[in-house]
Amino acid sequence: MDQLAQQVVSGLATGSIFASMALALVLIYRSMGVINFAQGEMAMFTTFIAWQLIETGVPIWLAFAATIVIAFFGAIALERIVIRPVERAAPLTVIIVTLGLLIAFNGLAGWIWGYVLKSFPSPFPSAPITIGNVSFNSQDLGIIGVSLLSLAAISLFFTRTKLGLAMRAAALYPDQSRVLGIQVSWMLALGWGLSAVVGAISGVMVAPIVFLDPNMMQGIVVYAFAAAVLGGIESPLGAVVGGLLLGVVLNLLGTYVEFIGTDLRLPVAFLIIVVMLVVRPAGLFGRLRLSRV
Amino acid sequence: MASVRSLSTGLFTALYAVALVGGLALPASAEDGVTDTEVVLGGTHPLSGPAAAYAALAKAEEAYFSYVNDHGGVNGRKITYKDMDDAYTPPQTVQDVRQLVEQDKVFAMFNTLGTACNLAIRPYLNQKQIPQLFIATGATAWARGYKDYPYTIGWMPDYQSEAIIYAQNVLKDKPNAKIGIIYQNDDFGNDYVTGLKTGLGSHASQIVKEASYEVTDPDVSSQISNLKASGADTLFIFATPKFAVQSLVAVAQASWKPREYLTNVSASESVLGAATKAGGAAATDGVITTLYGKDPKDPKWANDAGMKLYKDIMTKYVPGADITNGFYAIGIAYAYTMVDALKVAGKDLTRAKMLDVINHFTESDNPLLLPGITLKTTPTNHFIMTQEQLQTYQSGQFHASGGLIDARPFIKEEKS
Amino acid sequence: MSRPRPDRIIAFGIVAIVIAVLPLLLPSYLSFELTYVAAYAIAILGLTILTGYNGQISLGHGAFLAVGGYTLAILATRAGVPYWCTIPVAALICFVIGIGIGLAALRLEGAYLALATFALAVSVPSLLKRFSSFTGGSGGLILTPASPPAIFHDVDSERWLYYCVWALAGAIFIATSYLLRGRLGRALRALRDNHTAAVSFGINPYYYKTLAFGWSAAYAGVAGAIVAVATAFVSPDVYNLTLSTTLLIGLVLGGIETMWGALAGGLVVEFLPLWAQKINSGAPAIVQGVALIVVMLVMPSGIAGTILRFLRARRGHDVDTTPPAVRAEAVPLSVSASVPSD
């Protein structure tokens, strides 16, 4: 029983890592309708920037704040330069551009900072907490907390603010939005900026656990995609729930199903998702697009 | 017209004769990649992608070759090292090697990296009788395969031998240990597990849990929890740096205090320092590992001549490099052996000569290996480096326990 | 079924002659690298069918390369089956698996389809390592290099492989062109351009969409088998996610709307990394990434696609016949049903 509780708790902790990244993916998808494959690498890159600032003596919280600002404006600049020329082109073209960004950012980070593993200070105090026989870390609670906060902030933004409404309109009905005077192009840029901010936050929270190197996000992004699909790729709530659920299910399967063990976690995770998609094609919280003939 | 034809025929014949004679008159290059003033070596490393951390080896090796070239080269020859990126994928390695052999006409391959990658190119190189020297992985395959692939030679102590040393140690100091293993699910991790089981012999039944992880896993908390729950009191960590740190930290955070053994691939000050930072001293005190090289971060070697040479070379030829990165130090050690081999092969440098050198190699003065380590091969034993020294990490430092242990006597018992 | 236009036959003929002559002019290591180009071109051709003609995005075709490669390796090492026999077997197995995946994919679209196929790609290395007694595990399987039969004993084995593989590729391209020009191609495109209209015309979407998946999977299987023979080695970690994204890159950079794009894509996939290294050996990834972005900005229809458009414009065609997958938003949906799209 203790082991079960422990695995669930560890699963929630790992899942929160997936959830935080999945949120960023969902944000981009909602604003642009494309998957940004470079999301993880951009998050990694901004985390390196934070690290560099801290290394040169900037106090931690100031460094984080600066990183978020840099991420926001940097992503908008990137969108204007690289995505805007192709924003009306086919989805596949944009996907390739994001793949190009992925490769370039990874190489750039390696070139600037090298591949030696680096420690990253945690924004949360790292104190092991033990309840009964179950142990976890205040860090994990911190990540879950921040993910939920981001989720709340994003939901409120999209549903309660004019700007959020404008962004949603621009993504779903670009032509009509233009007629209404909404600067669709800038809405897309804003979408990039916001998801880069969420990504930066995710990177900074996750780096103390997975340690900082140019490849730190690659494994996580894979699971984050899975989480986003599981939860419904247009639903921020789905991203968070999907992430947590995925973390727990993976741990439980790995522990209790001998056949799966720890080496088949990845295929099994995806099998679950595929099965889920066949049964419910829009994910747990996604909305199915029905077309009437 | 007949006269034009005979004129052109005569012309061509004359040209042909000149070419023939001229060709004979040129000093015959004894071998591809070797001239009186130059020897060309080829290499493949992952310069990009997930394994790019190892590219540091190539950088250090190029630096060392530059240093040697600036001091007159080897037997009057400058070393040119052509290194290509193979992104750690065998199809790419195979193509790179063909290009290096057929276009760049390298004399030999040096320090090709990656077990799968080297397995893929081994048949081709041996068929063409091109030396495949000082491979950058610890797989046992190179030493075991010398009968079929005589031109191939490894360098670092192989993973199985290292695991056997740990097995011997645990049987001596903790004979009733309940053993848990966390290992990377690839040839690297699997080799260690095989070696450990071989070394434990009938005591292998004391292994209560084996947990693997994939490099795509974000963390190993699940595996560590399961290992703790299995009741193990001794943990073997056969993991690459990132996952080694995570394992050590996770163990500490789970308030678990097993006897810990760590693979020397991850036994560097930076790794253990990171683990101490994240998990406290409890995470790393008492960790047992082996070393065969000098760690640049270890204060013990601050005034060591070899370490000074290393720092000088790095500062001069790779300015801006982080010299605490242990891969650079190992790279220089590799390059030193390569230069040594070239020296021994002598002025008359051929591949057949190099084969001979591989079969009778001995070196005991490598500046970046622990004092006393001797590289040695014989025509029937290609386990070139077999000595390591057990270390215990305590209070931020490695403490050597005992002298060098030679795994050579145990090698017969290893499975391949 | 329409006959191909004469200029297309001429173009094909010229390319065929160039391909036939190249190994005689080039050093054999380049012939070796061009062999890989053929393999990638075949795989990308499969994606041209699936994604270009039928509009289904797959991020998982690396998995079929794995199945093809390992089928060949296992049959060759454990049952001694000669390579040329195993290639059809690999194709058939991949076809069947592809149909299966296609069935599962019927309900999925767009991002969900892409991510479900992504699942395939990501899972393959783990599965291969798990069933290691069958697949040789993480150490992989070594194969004997392909060598010419006794009659051609003085032909360089790399050149022999080149000719065999390109002959196969040529046959596949010709067959594909034939099939796509006919009813099959029209049905696929109809389903892509206007699903509802196509169905109401009696085109069975389940049949054609799963067929497209199976067909493209078979091609990827053949490609995987070729790569395995050329490398004379298979190992699990080769078939990772990067392989699938690389194929997608080749598809789009080559030009998604045309079969020539598959050829261009194969060249890109093979030579971009090598070229990037020459430019900057310290960080070739940066060069590669930037190159991708620049090509997409400058030539959104891909290399072959852009060249074809240019030629078409010179010939005076002003009807936009691009498929929606590549069509930019600003262009109104034009009447293009009667104009052949390639």
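Before reading further, recall that the structure is shown in the block above.
Quick caveat, the model's predicted, so the values are computed rather than measured.

On to the overall build of chain C. When its secondary structure is counted, chain C shows 14 helices and two strands. Rg of the C-alpha trace for chain C: 20 Å, near the compact-globule value of 20 Å for 342 residues, within the 12% margin. Oriented by its inertia axes, the alpha-carbon framework of chain C measures out at about 55 × 45 × 45 Å. Partitioning the contacts of chain C with sequence separation of at least 6, the portion at a separation of at least 24 is 80%. Of the roughly 13,900 Å² of accessible surface on chain C, a fraction of 69% belongs to carbon and sulfur atoms. The positive charge centre, built from 20 side chains, and the negative charge centre, built from 14, are 8 Å apart in chain C.

Contacts between the two partners involve 31 residues from chain A, matched on the other side by 30 residues from chain B. Each partner contributes to the roughly 2,500 Å² buried at the junction of chain A and chain B, and carbon and sulfur atoms together form 51% of this total. Counting across the chain A and chain B interface gives zero salt bridges. At the boundary of chain A with chain B, the tally comes to eight residue pairs in polar contact (both at pLDDT 80 or more). Going through the elements one at a time, helix H1 (2-32), strand E2 (134-137), helix H8 (184-210), helix H9 (216-231), helix H10 (236-256) and helix H11 (265-279) of chain A are the ones with two or more residues in the side of chain A that touches chain B. Broken down by element, the residue count for the side of chain A that touches chain B peaks at seven residues, all from H1 of chain A. In terms of residue class, the side of chain A that touches chain B is made up of 13 nonpolar, 15 polar and three charged.

Residues and elements named next belong to chain B. Within strand E1 (residues 38-45), seven of the eight residues are buried, which leaves the element mostly enclosed by the surrounding structure. Where E1 lies against strand E2 (residues 78-85), eight bridges are found, and the strand directions are parallel. Bridge assignment links Glu-38 to a residue of E2, and that residue is Lys-78. Considered for its hand, the β-α-β crossover made up of E1, helix H2 (residues 55-70) and E2 is right-handed. Direction of pairing for E1 relative to strand E3 (residues 108-110): parallel, over a ladder of two bridges. Within the sheet, the bridge partner assigned to Leu-41 lies in E3 and is Ala-108.

Membership of the largest hydrophobic core comes to 220 residues, with the highest contact counts inside it found for Phe-120 and Leu-246 of chain A together with Phe-118, Trp-166 and Tyr-239 of chain C. A per-element tally of this core places helix H10 (residues 205-231) of chain C first, with 17 residues. What Phe-120 of chain A contacts, discounting residues up to four positions off in sequence, is Thr-47, Ala-50, Trp-51, Ile-54, Phe-64, Val-204, Ala-207, Pro-208 and Leu-212 of chain A. Leu-196, Ala-239, Val-287 and Ala-329 of chain B belong to the second-largest nonpolar core, a separate cluster that totals 110 residues.

Residues and elements named next belong to chain B. Inspection of every chain in the model, using the stated rule, returns 13 salt bridges over all chains. Salt-bridge contacts for Lys-300 lead to Asp-298; the nearest nitrogen and oxygen are separated by 3.7 Å. Exposure remark for Lys-300: the relative accessible area of 44% places this residue in the partly exposed category. We classify Asp-298 as buried; its relative accessible area is 3%. Salt bridges linked by common partners bring Lys-172, Asp-173 and Arg-259 together as one network.

The next point concerns the packing of aromatic side chains. Within the structure shown, the criterion is met by 36 aromatic pairs over all chains. Look at Phe-18 of chain A and Tyr-223 of chain A: their rings are 4.8 Å apart centre to centre, the planes differ by 20°, and that puts the pair in the stacked class. Of this pair, Phe-18 of chain A sits in helix H1 while Tyr-223 of chain A is found in helix H9, placing the two residues 205 residues apart along the sequence. Given a relative accessible area of 1%, Phe-18 of chain A falls into the buried group. Chaining the aromatic ring pairs together yields one cluster made of Tyr-159, Tyr-166, Phe-188, Tyr-192, Phe-236, Phe-238 and Tyr-261 of chain B. Between Arg-98 of chain B and the ring centre of Phe-32 of chain C, over which it is positioned, the NZ or CZ distance is 3.8 Å. The lysine or arginine in question, Lys-294 of chain B, covers the ring of Trp-301 of chain B, its NZ or CZ lying 5.2 Å from the ring centre.

Once that is clear, we can look at the interface of chain A and chain C. Interface size is commonly expressed as the accessible surface area that is lost when the partners come together. Counting residues at the interface gives 49 residues for chain A, matched by 43 residues for chain C. Buried surface at the junction of chain A and chain C, both sides included, amounts to about 3,800 Å², of which 79% is carbon and sulfur. The tally of links from chain A across to chain C stands at zero salt bridges. For the pair chain A and chain C, the number of links is zero residue pairs in polar contact (both at pLDDT 80 or more). Elements with a contribution of two residues or more to the side of chain A that touches chain C: helix H3 (60-83), helix H4 (91-113), helix H7 (174-179), H9 and H11 of chain A. Residue contributions to the side of chain A that touches chain C peak at 14 residues, all from H4 of chain A. When the residues that make up the side of chain A that touches chain C are grouped by side-chain class, the tally is 38 nonpolar, six polar and five charged.

What counts, and at which threshold
- Residues numbered from 1 in each chain as written.
- Chains lettered and ligands numbered in written order.
- Predicted model: local features only at pLDDT ≥ 70, side-chain atom pairs only at ≥ 80, totals over all residues.
- Heavy atoms only, no water.
- Helix = DSSP H or I, 4+ residues; strand = E, 2+ residues; numbered from the N terminus.
- Rg over C-alpha atoms; globule rule 2.2 N^0.38 Å.
- Contact = heavy atoms within 4.5 Å.
- Areas by Shrake-Rupley, 256 points an atom, 1.4 Å probe, with all protein chains shown as cover.
- Lys, Arg positive; Asp, Glu negative; His and termini not counted.
- Charge placed at Lys NZ, Arg CZ, Asp CG, Glu CD.
- Buried area = accessible area lost by both parts, 1.4 Å probe.
- Salt bridge = Lys/Arg side-chain N within 4 Å of Asp/Glu carboxyl O.
- Polar contact = N/O pair within 3.5 Å; in protein donor to acceptor, adjacent residues only side chain to side chain.
- Nonpolar A, V, L, I, M, F, W, Y, C, P; charged D, E, K, R; others polar.
- Buried < 20%, exposed > 50% of the residue type's maximum accessible area, 1.4 Å probe, protein only.
- Pairing = 2+ DSSP bridges.
- Right-handed = clockwise from strand over helix to strand, strands pointing away.
- Core = buried A, V, L, I, M, F, W, Y, C linked by side-chain atoms within 4.5 Å.
- Phe/Tyr/Trp six-rings, centres within 6.5 Å; stacked < 30°, edge-to-face > 60°.
- Lys NZ or Arg CZ within 6 Å of the ring centre and 35° of its normal.

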